[in-house]
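What follows is each chain in one-letter form.
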Amino acid sequence: MSNTAKKTQLYEHHVSMDAKISNFGGYDMPLWYKTGPKQEHLAVIQHAGIFDTSHMAIVTVTGNDAPELLQKCHSKDLAACIGPSKLPLQDGKCVYGVFLDEKGGVIDDSLVYRIKDGFYMVIVNAGMGGPIAAHLKDNKGALNAEIRDYTDQLGKIDIQGPSTAKMISRIIKEPEVVLEKMPYFNFKGFFDPGEEVPSPVNLVNDIPILLSRTGYTGEFGFEILIEGKHTLTLWDLLKEAGEEYSAISCGLAARDSLRAGAVLPLSHQDIGDWPFLNNPWPFALPYDDEQKAFTKDFIGANALLETRTSDYTYAFSGFDPRKVVPGEDTAVVDESDNKIGVVLTCATDMAIDRHEDDIYSIASENKPDDLKFRGLSCGFIKTTKELAPGDIVYLTGNNRKFKVEIRADIRPARTARKAMKKML
């Protein structure tokens, strides 16, 4: 714990639950509770986990020229980003992308939500509300757009796992209406009681929320935004609703291992101030059908099109739970012990294991009966050598050396995209 770190509205509650607290992104946050990170990880795969994510930052962009400003500063083409047909971003939908600098490096990654015409919300990482708001203001010029930074004013709670739709249906009014036609990367409602928005959502006690079918685990679930003063009320409602479904409080350790197994990057670690190229997330860029040009111009676009980088970022999975702590003492080497890269993320996905040449999840319907699910190390490496799925390299450091496999995907049987009706 740090005397200078910020604290979310739920900090004292986490302390009362004997959470292991550590500084993350300038905030004292729970790493895990008495249950421990393994059980918290497994709860999300099998039941439900409740996460305090109020350290994340929210910025709104409003005005007639709000879309134009976001088109200039954000990587996603908001005029052509939804589905195979590349439809425009519509009310109640959100998209993932990145804010880049002029050299093509990542300032931060984010979700952009279209609340209604001329009204957008951007969720960025802890401590990035101010920098992203400043970046938007610096590039606004004469555009008619207002930027508001909500840092530390809101509560944000994520619930992730197959039981979360049932939990939500118990804490909101008119759940059959709210949860109808709510696929992945759709949302309803808003956290400001004074703002008229399409499809408002209210808790059973009439407090308004923004309910989003998104998350950072790869599993079915929701992110919920609420006025800061109501955060504990929301947490208590979720805990009570989750008792029947074995839902538990989860910390950032489980969040990290879950996102690694789902091949989701951590900003400023897996993506950063190097060109946003040759990585597992090209969908964040507005490539045309030929994947050679972009469908719009935006800050950093020219640098990406002109850069010929020799750095490559890959997802990997190990063959057992062993992991290393990324840092100066760790490296990626080939079979001849030649250093070819660095370790960006190394976590252990507790819900997966190998059988012969395949990886199975504890949630896989076709999993072999004799698998013990010890967990497998996984994460991301950055190399100076081009590799392909199936290639073997070695991670060294912390007095360890073990082989890992380059993977296009890691944890199978993820549920994030499952239809709502199958989860209720």
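Please refer to the structure higher up on the page.
**A closer look at the overall build of the protein chain**
Counting its regular elements, the protein chain contains ten helices and 23 strands. The C-alpha radius of gyration of the protein chain comes to 21 Å, within 12% of the 22 Å expected for a compact globule of 424 residues. Contacts spanning at least 24 positions in sequence make up 69% of the contacts within the protein chain whose residues lie at least 6 apart. Within the structure as shown, the protein chain displays about 18,400 Å² of accessible surface, and the carbon and sulfur contribution to it stands at 46%. Each charge sign in the protein chain was given a centre, from 48 positive and 60 negative side chains, and these centres are 3 Å apart.

**Looking at the environment of E219**
As for its position among the elements, E219 is in the loop between β13 (208–212) and β14 (221–227). For E219 and L10, which are 209 residues apart along the polypeptide, the C-alpha to C-alpha distance reads 24 Å. If we ignore the near neighbours within four places in the chain, the residues touching E219 are V44, I45, Q160, G161, R411, A413, R414, T415 and A416. Within polar-contact distance, the side chain of E219 engages the side chain of T415 at 2.8 Å.

**Side note on helix α7 (residues 231–242)**
Since the α-helix advances by 3.6 residues per turn, residues separated by three or four positions end up pointing in the same direction. A rise of 1.5 Å per residue sets the reference length of α7, with its twelve residues, at 16 Å; its end C-alpha atoms lie 16 Å apart and thus fit the reference within 8%. Turning to α7, its buried residues number three or more, namely T231, L234, W235, L237, L238, A241 and G242. End-on view of α7: buried residues confined to an arc of 165 degrees, all on one side of the axis. The secondary structure elements touched by the buried residues of α7 are α1 (11–16), β4 (49–52), β10 (154–160), α5 (164–171), β14 and β15 (248–250).

**Some thoughts on the sheet that holds strand β3 (residues 27–32)**
Paired through their backbone hydrogen bonds, the strands of a sheet run either parallel or antiparallel. What the three strands build is an open sheet, ordered β1-β3-β2; its pairing is mixed. The open sheet terminates on both sides in strands that have one partner only, identified here as β1 (6–7) and β2 (20–24). Note: β1 against β3, two bridges, orientation parallel. From the neighbouring strand, K6 faces β3, where its bridge partner is Y27. This element, helix α8 (residues 252–261), spans β2 and β3 of the sheet and lies at about 70 degrees to β3.

Conventions used here
Residues numbered from 1 in each chain as written. Predicted model: local features only at pLDDT ≥ 70, side-chain atom pairs only at ≥ 80, totals over all residues. Heavy atoms only, no water. Helix = DSSP H or I, 4+ residues; strand = E, 2+ residues; numbered from the N terminus. Rg over C-alpha atoms; globule rule 2.2 N^0.38 Å. Contact = heavy atoms within 4.5 Å. Areas by Shrake-Rupley, 256 points an atom, 1.4 Å probe, with all protein chains shown as cover. Lys, Arg positive; Asp, Glu negative; His and termini not counted. Charge placed at Lys NZ, Arg CZ, Asp CG, Glu CD. Polar contact = N/O pair within 3.5 Å; in protein donor to acceptor, adjacent residues only side chain to side chain. Expected span 1.5 Å × (residues − 1). Buried < 20%, exposed > 50% of the residue type's maximum accessible area, 1.4 Å probe, protein only. Arc of directions from axis to C-beta. Pairing = 2+ DSSP bridges. Axes fitted to C-alpha atoms, helices over the stretch in contact; angles between N-to-C directions.

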